[in-house]
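Chain by chain, the residues run as shown.
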Amino acid sequence: ETGVTQSPTHLIKTRGQQVTLRCSSQSGHNTVSWYQQALGQGPQFIFQYYREEENGRGNFPPRFSGLQFPNYSSELNVNALELDDSALYLCASSSRIAGDNEQFFGPGTRLTVL
Amino acid sequence: DAKTTQPTSMDCAEGRAANLPCNHSTISGNEYVYWYRQIHSQGPQYIIHGLKNNETNEMASLIITEDRKSSTLILPHATLRDTAVYYCIVRVSNAGNMLTFGGGTRLMVKP
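What you are looking at is a predicted structure, and each value in this text was computed from that prediction instead of being measured.

> Could you give an account of the state of the cysteines, naming the residues involved and the relevant values?
Residue and element names in this part refer to chain A. Under the counting rule described, the total for this entry stands at 2 disulfides over all chains. Cys23 shares a disulfide with Cys91; S-S distance 1.7 Å. Because the torsion about its S-S bond is -55°, the bridge between Cys23 and Cys91 counts as left-handed. Linking Cys23 in strand E3 (residues 19-24) with Cys91 in strand E9 (residues 87-94), this pair joins segments that are 68 residues apart in sequence. Residue classification places Cys23 among the buried residues on the basis of a relative accessible area of 2%. Cys91 sits in the buried class, given a relative accessible area of 0%.

What follows is the structure, given as C-alpha cells:
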C-alpha cells in the first residue's frame, strides 16, 4: 500500500508568482483535503475534493484553487503569491466509504515566498 | 465543530505514561473526539478517536469523561520517538468534514 505523497518537497517563489503543488492520495482513497500550516501553528483547512469537485472550503481567498483528477490525485494552485503564503502545505487523503474517520497526511511541501 | 483547549506543553520521562488532557466543554452529542500527532517536519498522524466509550489501540488509550466535556490521551510507555505536538480535535464523524486543528500540546519525552 502506497502512502500519501507530495511534490515538490521544498519550493521557493517570489511575490506575485503562481505555484502548483501536487498530491497523490493513498491507494483506495477518493477524497483529498489540503491544509496550510504556518510556522508554529496547527494546520488550517483550505479545501477538500471529492469526485473531482470541491466539497467544502475554509477561510481562504479564491486565489487558492485546486483540482482532483480521475485517479484521485490532486493539485493545489496559488496565484499572486504573498509573503504570508509561506507555509507547509499538507495534503490528506481519506475514503468516503470508510466515513472519513481517519485522514492520512503526506509529508507536506514547504513553500517559501520571498 | 466544538473548540478544544489543551496545555501548550508537557514533559514526560521516557518509559513512563504520558497523560495528555483536552477540554471540549461545548462538544455536541454527535461529535467524536479525535487525536492526531505531528512529529517534527512530518505530516500529522492519526492516533485514535472515540465517541463516549474509552478506546484503546496499539498506539494509545483514550479516556472520555462521562459528561464528554473532557478527555485524556494516554501513551502507556512513552519513548523518545513520541516527542511531538499532539492535537485534540472534535468533529462530526461523517464524510466530508474537515479537521480543525488548534495549537496542540507539545510533548517532550526526556531520557
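There's plenty left to go through after this.
> Pulling in residues and values, what's your account of the pattern of salt bridges?
Residues and elements named next belong to chain A. In the structure shown here, the tally under the stated rule is 6 salt bridges over all chains. With a closest N to O distance of 3.0 Å, Glu54 and Arg57 form a salt bridge. On the basis of relative accessible area, Glu54 is assigned to the partly exposed category, the value being 37%. The partly exposed category is assigned to Arg57, whose relative accessible area is 31%. Arg63 is the partner of Glu82 in a salt bridge, and the nearest nitrogen-oxygen pair spans 3.3 Å. Of this pair, Glu82 sits in the loop between strand E8 (74-78) and E9 while Arg63 sits in the loop between strand E6 (53-57) and strand E7 (64-68), and the two are 19 residues apart along the sequence. Residue Glu82 is classed as partly exposed on the basis of its relative accessible area, which comes to 40%. Overall, the relative accessible area of 17% leaves Arg63 in the buried class. Residues participating in the shared-partner salt-bridge network are Arg63, Glu82 and Asp85.

Rules used throughout
Residues numbered from 1 in each chain as written. Chains lettered and ligands numbered in written order. Predicted model: local features only at pLDDT ≥ 70, side-chain atom pairs only at ≥ 80, totals over all residues. Heavy atoms only, no water. Disulfide = S-S within 2.5 Å. Helix = DSSP H or I, 4+ residues; strand = E, 2+ residues; numbered from the N terminus. Buried < 20%, exposed > 50% of the residue type's maximum accessible area, 1.4 Å probe, protein only. Salt bridge = Lys/Arg side-chain N within 4 Å of Asp/Glu carboxyl O.

Limitation: the analysis is restricted to geometry and does not speak to function.
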